[in-house]
Amino acid sequence: MRKNIVAGNWKMNKTFPEGVELIQQIVNQADVVKNVELIIAPPFILTAEASKIIKDSAVKLGAQNCSNYKEGAYTGEISASMLKSVGTEYVILGHSERRKYFKETNEIINEKIKLNLEIGLKPIVCCGEVLAEREKEEHFQVVNKQIKEMFEGMNAENMKNIIIAYEPVWAIGTGKTATPEQAQQMHLFIREKIKNSYGSQIANDISILYGGSCKPSNAKELFANPDVDGGLIGGASLKASDFIEIAKSF
Ligand code: PGA
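Along each chain, the written sequence defines residue order, and numbers are assigned to residues from 1. Note on the predicted model: pLDDT of at least 70 is required for a residue's local features to be given, and 80 or more for side-chain atom pairs to be given and counted; whole-chain, interface and lining totals, by contrast, use all residues. Water and hydrogen atoms were dropped before computing side-chain values, which therefore reflect all heavy atoms in the structure.

Engineer: So, helix α9 (residues 180-198): which residues are in play, and what are the values?
Structural biologist: Its 19 residues place the ends of α9 26 Å apart at the C-alpha level, agreeing with the 27 Å of an ideal helix rising 1.5 Å per residue. Within α9 the residues assigned to the buried category are P180, A183, Q184, M186, H187, I190, R191, K193, I194 and Y198. What counts as a helix is a DSSP run of H or I of at least four residues, what counts as a strand is a run of E of at least two, and both are numbered from the N terminus. Between the first and last residue of a helix there are one fewer steps than residues, each counted as 1.5 Å, and that sum is the expected span. The buried label goes to any residue with under 20% of its type's maximum accessible area, the exposed label to any with over 50%, and the partly exposed label to all in between, with areas taken from a 1.4 Å probe on protein chains only.

Engineer: Account for the pairing of strand β3 (residues 60-63), naming residues and giving values.
Structural biologist: In summary, the side chains of a regular strand alternate between the two faces of the sheet. Here, a strand pair is defined by DSSP locating no fewer than two bridges between the strands. Note: strand β2 (residues 37-41) against β3, two bridges, orientation parallel. Each bridged residue has a counterpart across the sheet, and for I39 the counterpart in β3 is K60. Sheet topology note: the β3/strand β4 (residues 90-93) ladder contains two bridges and is parallel. Opposite G62, over in β4, you have Y90 as the bridge partner. Each parallel crossover has a hand, and for β3 linked through helix α3 (residues 80-85) to β4 it is right-handed. Whether a crossover is right-handed depends on one test, that the path from the first strand over the helix to the second runs clockwise when the strands point away from the viewer.

Engineer: Tell me what's going on with unusual backbone geometry, and back it up with residues and numbers.
Structural biologist: Of note, the phi angle at K11 is positive, near 55°, even though the residue is not glycine. Counting through the fold element by element, K11 comes out in the loop between β1 (5-9) and α1 (16-29). Backbone geometry at K14 places phi at a positive 80°, although glycine is not the residue there. With respect to the element layout, K14 can be found in the loop between β1 and α1.

Engineer: I'd like a rundown of the site of the ligand, residues and numbers included.
Structural biologist: Whether a residue is near a molecule or strand depends on its heavy atoms: it is near if one of them lies within 4 Å of it. Neighbouring the ligand are 13 residues; K11, H95, E167, G173 and S213 lie closest to it. N or O atoms closer than or at 3.5 Å make up a polar contact, with two conditions inside protein: a donor-capable atom paired with an acceptor-capable one, and, for residues adjacent in sequence, both atoms drawn from side chains. The side chain of N9 places a nitrogen or oxygen atom 3.5 Å from an oxygen atom of the ligand. In this structure, S213 approaches the ligand through a main-chain N or O atom, which is 2.7 Å from an oxygen atom. Surface accessibility in these figures is a Shrake-Rupley result with a 1.4 Å probe; residues are shielded only by whichever protein chains are displayed. For the ligand, whose accessible area on its own is 280 Å², the fraction buried by protein is 95%. Each residue receives one of three labels: charged for Asp, Glu, Lys and Arg, nonpolar for Ala, Val, Leu, Ile, Met, Phe, Trp, Tyr, Cys and Pro, and polar for the others, Gly being one of them. Taken together, the residues of the shell around the ligand break down into four nonpolar, seven polar and two charged.

Engineer: Any details on α1? Residues and values, ideally.
Structural biologist: Helix length check: α1 (14 residues) gives 20 Å between terminal C-alpha atoms against 20 Å at 1.5 Å per residue, within 8%. Within the sequence span of α1, burial applies to G19, V20, L22, I23, I26 and V27. Buried residues of α1, seen end-on, are gathered within an arc of 165° and therefore sit on one face of the element. The exposed set on the far side of α1, more than 90 degrees from its buried face, consists of P17 and N28. Taken from the helix axis, the directions to the C-beta atoms give the arc we talk about.

Engineer: Let's hear about the packing of aromatic side chains: which residues, and what values?
Structural biologist: Each aromatic pair joins two rings of Phe, Tyr and Trp (for Trp, the six-membered one) with centres within 6.5 Å, and gets the label stacked for planes under 30 degrees apart, edge-to-face for over 60, and tilted for any other angle. The final tally for this structure, using the stated rule, is four aromatic pairs. Arranged with centres 4.9 Å apart and planes meeting at 55°, the rings of F140 and F189 form a pair that is tilted. Here the residue F140 occupies a position in helix α7 (residues 139-150), and F189 occupies one in helix α9, the gap between them amounting to 49 residues. Measuring from centroid to centroid gives 4.6 Å for F223 and F250, while their planes differ by 20°, and the two rings are stacked. Taken together, the residues F223 in helix α11 (residues 216-223) and F250 in the segment after α12 (240-247) connect sequence positions 27 residues apart. With a relative accessible area of 6%, F223 lands in the buried category. Given a relative accessible area of 37%, F250 falls into the partly exposed group. In this scheme, the term charge over a ring applies when either NZ of a lysine or CZ of an arginine sits within 6 Å of the ring centre and within 35 degrees of the ring normal. Lying across the ring of F102, R98 places its NZ or CZ 4.2 Å from the centre.

Shape descriptors only; they carry no functional weight alone.
See the structure below:
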């Protein structure tokens, strides 16, 4: 069964006390959200504490990244098993900011996806074109290549634990949102691609989220599309009431 999902990607925002306060606010308001998986992905430093705060609520815990190595001498890295050990369920992988600032490639993302699945975490895998690619009308080609390379070696069983997030890079943090038509078009394209590789059951069940300046004022029209199953929310996830309002938009 396909799930509606709203996930908050806090990025590098909130100190520890600020983060604790925001998680508590989200937990306090989460009751009004029905039939939607509500996920928060705070910075690593908050992960263990977040796990305790959300314990008796419907809120699920995510992380924004993890290492492509299993364990060992990788200074500064956080492993998938470390995340799992404190109650993380979801990990955002391949976000465009990781690609741009930290030189992540589809190959590295592929390694991370495999490792996450092996450990029992659910990857939220991001894809999306930059503005120049959209302007040259290469967006389908770009997303096609990302999906193909990131999911290299995956089987249908693996895909049952994967969520896809389409995030046109030109819409991230810019206030410019893809139109509902642009989102639907790409989501359908992605679903068709999944269908061709893994069959219609998997394609029908996989959740495909939209990300990029999604906010309370536009979430409803985006989520109303048959192939848009929720959102990966950056800026608007930093305010509990906005985040909850978005989750109520189905
Ligand atoms: P935004 O970020 O909502 O601030 O545009 C979305 C994301 O990067 O996941």
